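Coordinate analysis (summary)
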Amino acid sequence: MIRHRTFVFGALGAIAASTAIGSCAPPLEQPWQLTDFRVLGVTVEPPEPSRGQDVQATLAFADVRNRPVTVVWIACTIPITGGVMTGGGDGGMDGGSTSGTAGCAIVSPPGSPFPLPDLRTTVTVHIPATGGSADSSGRETVTLLGFACAGGSIGLASDGGTTPTCRGSDARGWSFTRSIRIHDPRTSIDPPNSNPHISEVRFGPEGTTYPLTSDNQPTIRVCTGRAGSATCPAFVFEVGFTDGSRETYHTADLVEGGIITRPERLTTGFAITRGSLGGAFRTDSSAAPTSTMQNAYYAPETPGDIHLVVYATDGRGGFDATDRYLHAQ
Amino acid sequence: MRSRPARRLFSGLLGSVAFVAAASSAHAQGGPAPFAPSHDRGANAGQDASGSPAPATASTGENAPPRLLRFVPATYPTAARDAGIQGSVVLQLTIDESGHVTEATVSEGLGHGLDEAAIAAARQFDFSPARQGGQPVRARIRYRYRFTLETVAASGAPRGPLAVLRGTVRNARNQALESATVTLRRADGTESQVITDATGTFRFELTAAGVLSVDVAAEGYRPYRSEEQLFPHDDVQVLYRLVAVPPPIASSAPPSASTEETLTVRGTRPPREVTRTTLERRELMRIPGTGGDALRAIQNLPGLARPPFTSGALIVRGASPADTAIFADGTVIPQLYHFGGLSSVIQTEMLDRIDFYPGNFSARYGRAMAGIVDVGLRSPRRRGYHAVANFNFVDVSAFAEGAITPNLSVSLAARRSVVDAVLGLVLPRIPGVGFTALPVYYDYQAVIEYRPAPNHRLRLAVFGDDDTLSIILRNPSDQAPTLAGGFSFATRFHIAQLSWVADLAPGTRSTLMFSVGWTNTDLSASEMFKFQLSSFPINARYELSHTFSRFLRAHFGFDIAAGPGTVSFSGLRFDPSSPVGDTSNAQRIASDITSFAYRPSAYVETEITPVPGLRIVPGLRVDWFREINAAIAQPRASFRWEIVRNFAVRGGVGLYAQPPSFAQSTNAPNTFFRGQLVGNPNLRPQRAMHYAIGLEHTFDWIRAAPFLRNVTLSVEGFYKSLTDLVVGTPSVQLRQQPPPPPYSNDGTGQVFGMEMLLRYRADEHFFGWVAYTLMRSTRVDHPGEAEHLYSYDQTHILTTVASYRIGWGWEVGLRFRYVTGNLYTPNIGAVYNADTFQYSPTPGAANSLRVADFHQLDLRIDKGWRFRNGGSFGIFLEVLNVYNNSNQEGVQYNYNYTQSQPINGLPIYPNLGIRGEL
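Since the structure is predicted, the reported quantities are computational estimates derived from the model, not experimental observations. (Residues numbered from 1 in each chain as written. Chains lettered and ligands numbered in written order. Predicted model: local features only at pLDDT ≥ 70, side-chain atom pairs only at ≥ 80, totals over all residues. Heavy atoms only, no water.)

Attention now goes to the overall build of chain B. Within chain B, the secondary structure is distributed over nine helices and 53 strands. The proportion of buried residues among the 918 residues of chain B is 54%. Per element, the accessible surface of chain B, about 36500 Å² overall, is 60% carbon and sulfur. (Helix = DSSP H or I, 4+ residues; strand = E, 2+ residues; numbered from the N terminus. Buried < 20%, exposed > 50% of the residue type's maximum accessible area, 1.4 Å probe, protein only. Areas by Shrake-Rupley, 256 points an atom, 1.4 Å probe, with all protein chains shown as cover.)

Following this line, the structure appears as structure tokens:
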């Protein structure tokens, strides 16, 4: 009996070991870890323009090394998904093509060649009076394509193609897409959408948080033990929004039919250079539609500056981003 | 000097001329006299006046009756034959302590010289002596010697036998067994019995064809029963292999009586083939790494690729698992294995046969363009009872069978997983495991068989399976923060099948099968979506086989696959501008798509035997697929030619068609993309042309190396040309207005390769084989595009199996596998979607990289005990991946596809099982 039980436990241990084998490998980088240059989003102002209107698109990004960032843009009247302008990898593009841009009508400024000779992080996009394309839910959109390069210069790939690349020994590039929804008063009874605004970022032990500002960059104690233990201080970040950030809009009820009124639900992304977060995203839930976005945080194991970026979307084209700093010692 | 095949041809032609003329006796055909002396086993089964048991009765314990070891046929007196005298002569035989017949007298005679002939023959019989208290004693028995004139033609003119069943009885060492008793029971209940000669051979000449029950018995060996179907003018040659009875007293015997039975597994079985490639049940149940599951054993045969970890898929000759059909006695079943291939959905004890066709299969099978696995359920035993129980760390199962009446028998089996209980204990305690996965499965089978007459078999079979996998996330996903809570995936089927097999007349068999069932696939993810696919499949199959002459046998049949099906979807239509995982702005939608499948088919297949040893099987199958309103005729042909003894060539060519899947062909509107359909109802059937040529050879002609007698080699080359493959339309094209159909028949491909099986047939100690496949599978997705390797291409597949019975109930086995690494498409970058906060990977060249090659050694150790009452108990330990190789199964990426790392399979993994049997 004893021998039998010993074997059973041995076998269970083997099963446990086999199941946990994945955790033995070095963990892959998590989306809340800010370790390099990252595109966070694009702020479009106004986020839901009318036809014939000009909008300003501004790239929101974070770079742990504060390298200069240049961007090339293209605006199209057809929806574009991934695979059009590929990016990633140090120093430039790893491949891909621009074949997906075939039939992509450049709308801003009219007649401009590709890539647009605008290397700024903010660009003006002209919404055409006619044309445009419906996305999968039937809304007319203009799609922005961009390629952002940190610490290098943008050029075309050496293979003679039209793939943009980020040249430089310490350069990093990313391709991105962003859709701009066109407001049509003939089909929408709602006013044009507006961007949400992050009103504050709070920090501290849970229940006793305080605002983080550019003037208030707190210093925290480093973690000397396992996360969650008494020797590893635990904190929370909380993100608040202005009152008008969660707008109400009308949409079709595909199940019951008719039109329903819904509030926007915000989703907030977090990324930080040091320490560890409880997760990369927080979102309004049906149970708490206007909740404060709260995210757990454990201090880093070594002293130094800590850079937090926070970015949010209302799911209808509205976007906002901000950042904060802390110190660990 | 004529060659041997030429002689066979000549002899066959002579024989056929003789038959057609119907004017000659068996002598004219070179055969024996047209009668078959036999003794009536039924009479012998009783006791004589002195109380001695009949000679054929099996011995029990230390008291045993005499047992006939050598039978000598009597000479049929010419006068009696000419007068048409037949019947039985009952003899009183006295047998001394050495087994010799010392006295023979007639109790009931026939006259006409038959009494004397019977006595003369009986005096030459050899018996094992009767035993009392273990000591040989003198005994007297009653013996009925039956004289039968079996070859009187309807016209009254004598002619040769209508069919011949002949064969050899050997032991596990391939040694011929002399004096084995072979008893043949006909459909009308009559029996004949012969004794094998010094070369282990026997021969029955029959005047009536049909289904025959054959019992083979030899002292010191387990009795064996087989069922043979003979058609008029058949000359069927069989090989029966008996396994020695282990020592009767416990502790050092093999672990299970049933492990010594035989289960027919036909790898690349030639169609309508009478020569069987048989794996003993011991082989099937002792392959390391299979847990004693016979259906998992076929994964070690040539032609099957190693499936990705936890998939349990059947990858036949580089084809998609969806291109291989799985049948249970003719009814399609959705899957062969439970989750991850842990075990099969039908218990080993319920199996009668496993037919695996990696290509060039018969016209009776259709709607699949790669391979066929057809599993047959065993008939319940018609005497006594039998029960088995198994337990290991994966599942627990039980099986029982028995006879209710002599004509009515039943078998039951059930299995339930226990791995969920084990994982439920372990997973929550493992740091870093972010989920709890609880795979639960069960299966069951029940067979009720009724034989209202010897030539009729009526059977009701019910079988089913239920697999449920629930994943409980402890924390929300970083990539999708609203993804939390429970996710579940379930597949299940329940099928009731009624079949009727009848031998309507000599050479004419009718087989009818009808089944109804319910299959269900259920997938749900938190609040995100719920997908359910339900169908009520109806399968009907009828086949009529008839032998027209010794050269020609034909099969006519039809089968229908029909039934309603419903796809239900309820979930969220995501706002494309919302962040990944954000369901706040998603809209809930629901969709039901109902259809009625109707796929009738008809086929005809003939077996042409122009010369002995050569069989050509042309066939034609016509399928109609209602959902795409397409019919297709599929001509097929195969052959097998045994050029000389132990050397045969086989091959085939044929067209195989497969309909597109339900999703690919439905004309339901696409809820997500307005103006589009889910599928394309104008698709054509997918087509595959199969070509194969191969050879088989047995090395038993090498006298200098006796061990080679158990070695066989088969090699086969194959080529498949694939056309009209259904492929998806590129997403860019789907955005054109009007959008093109989402699927087209643009795909083409080819598969070619070679398979080899070098096998050592199981003897008393050892069995093993080397299976090797060299293969290449490619596809072209759209015209003008480059050819690429298909996802299931594996260049080298090597499987070696060896098992050795040490003695004292111990047996040790090893399995080593080496397989080329699976293909995958690398991601070479990503595009950030600023609307959804999600990175979309940029794929590189399709299937341009492989994970590391797979190699693994598995070990199995068995220990068994047998008991006096016939029961047994066994225990086994399997250790998978003995040297703990980190076998890469795939590649995982981080959130933005800038980092990757291998996904590895199981490390060293032990499994313990026990088995009890009554």
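Residues and elements named next belong to chain A. Ordered in space as S12-S21-S20-S16-S18, the five strands form an open sheet in which the pairing is mixed. With one partner strand each, in any of the chains shown, strand S12 (219–220) and strand S18 (281–283) form the two edges of the open sheet. Strand direction decides the pairing type here: strand S16 (residues 267–272) and S18, joined by three bridges, are antiparallel. Among the inter-strand pairings, Thr268 is bridged to a residue of S18, identified as Arg282. (Pairing = 2+ DSSP bridges.)

This part is about the environment of Asn216(A). Here Asn216(A) shows up in the loop between strand S11 (210–212) and S12. Among the polar contacts listed, one links the side chain of Asn216(A) to the backbone oxygen of Pro211(A), at a separation of 2.8 Å. (Polar contact = N/O pair within 3.5 Å; in protein donor to acceptor, adjacent residues only side chain to side chain.)

Residue and element names in this part refer to chain A. Tracing the backbone through its elements, the reader meets Thr209 in the loop between strand S10 (198–204) and S11. When its relative accessible area of 13% is taken as the criterion, Thr209 is described as buried. Once residues lying within four places of it in the same chain are set aside, the contact partners of Thr209 are Arg202, Phe203, Gly204, Val236 and Glu238. (Contact = heavy atoms within 4.5 Å.)

Attention now moves to a nonpolar patch on the surface. Residues and elements named next belong to chain B. Together, Ile448, Tyr450, Leu458, Leu460, Leu498, Trp500 and Leu512 make up an exposed nonpolar region whose accessible area comes to about 570 Å². Of all the secondary-structure elements, those providing two or more residues to the nonpolar patch are strand S27 (435–453), strand S28 (456–473) and strand S29 (485–505). Assignment of secondary structure puts Ile448 in strand S27. (Patch = residues over 30% accessible without salt bridge, like charges linked within 9 Å, V, L, I, M, F, W, Y side chains within 5 Å. Salt bridge = Lys/Arg side-chain N within 4 Å of Asp/Glu carboxyl O.)

All names here are of chain A. One pass over the structure, following the stated rule, counts 47 salt bridges over all chains. Across the salt bridge formed by Asp36 and Arg172, the nearest N and O atoms sit 3.7 Å from each other. Residue Asp36 is located in the loop between helix H2 (21–24) and strand S1 (37–45), and its partner Arg172 is located in strand S9 (residues 172–181); the two are separated by 136 residues in the primary sequence. Judged on exposure class, the residue Asp36 and its partner Arg172 are both buried. Salt-bridge contacts for Glu264 lead to Arg316; the nearest nitrogen and oxygen are separated by 2.7 Å.

Taking burial as the measure, the nine residues of helix H4 (residues 114–122) of chain B include seven buried ones, the bulk of the element. Every buried residue of H4(B) is listed here: Leu114(B), Asp115(B), Ala117(B), Ala118(B), Ile119(B), Ala121(B) and Ala122(B).

Residue and element names in this part refer to chain A. Per the counting criterion, the structure on display carries one disulfide over all chains. The partner cysteine of Cys149 in its disulfide is Cys166, sulfur to sulfur 1.9 Å. Torsion about the S-S bond of the Cys149 and Cys166 cystine: about 65 degrees, corresponding to right-handed handedness. Here Cys149 is found in strand S6 (residues 140–150), whereas its partner Cys166 is found in strand S8 (residues 164–167), with 17 residues between them in sequence. (Disulfide = S-S within 2.5 Å.)

Our focus in this paragraph is the confidence of the model for chain A. Residue and element names in this part refer to chain A. This prediction gives chain A a mean pLDDT of 75; 68% of its residues lie at or above 70. Averaged over each element, pLDDT in chain A is lowest for helix H1 (residues 2–19) (36) and highest for S1 (95). Here residues 79–103 is a poorly scored stretch, pLDDT under 50, and it has 80 contacts once near neighbours within four places are set aside; other chains count. A low-confidence stretch, residues 107–115 stays under pLDDT 50, and its non-local contacts, those more than four residues away or across chains, total 18 contacts. (pLDDT = per-residue confidence, 0-100.)

Before going further, it helps to examine the nonpolar core. The biggest cluster of nonpolar side chains holds 64 residues, and the ones touching the most others in it are Val42(A), Leu59(A), Trp73(A), Val125(A), Phe176(A), Phe237(A) and Tyr297(A). No other element matches the six residues that strand S20 (residues 304–313) of chain A contributes to this core. Non-local contacts of Phe176(A), meaning those with residues more than four positions away in its chain, are made with Val39(A), Val42(A), Leu59(A), Val71(A), Trp73(A), Leu144(A), Leu145(A), Gly146(A), Phe147(A), Ala148(A), Val831(B) and Tyr832(B). Core analysis: the second largest hydrophobic core is formed by 38 residues, Met350(B), Phe356(B), Val375(B) and Ala762(B) among them. (Core = buried A, V, L, I, M, F, W, Y, C linked by side-chain atoms within 4.5 Å.)

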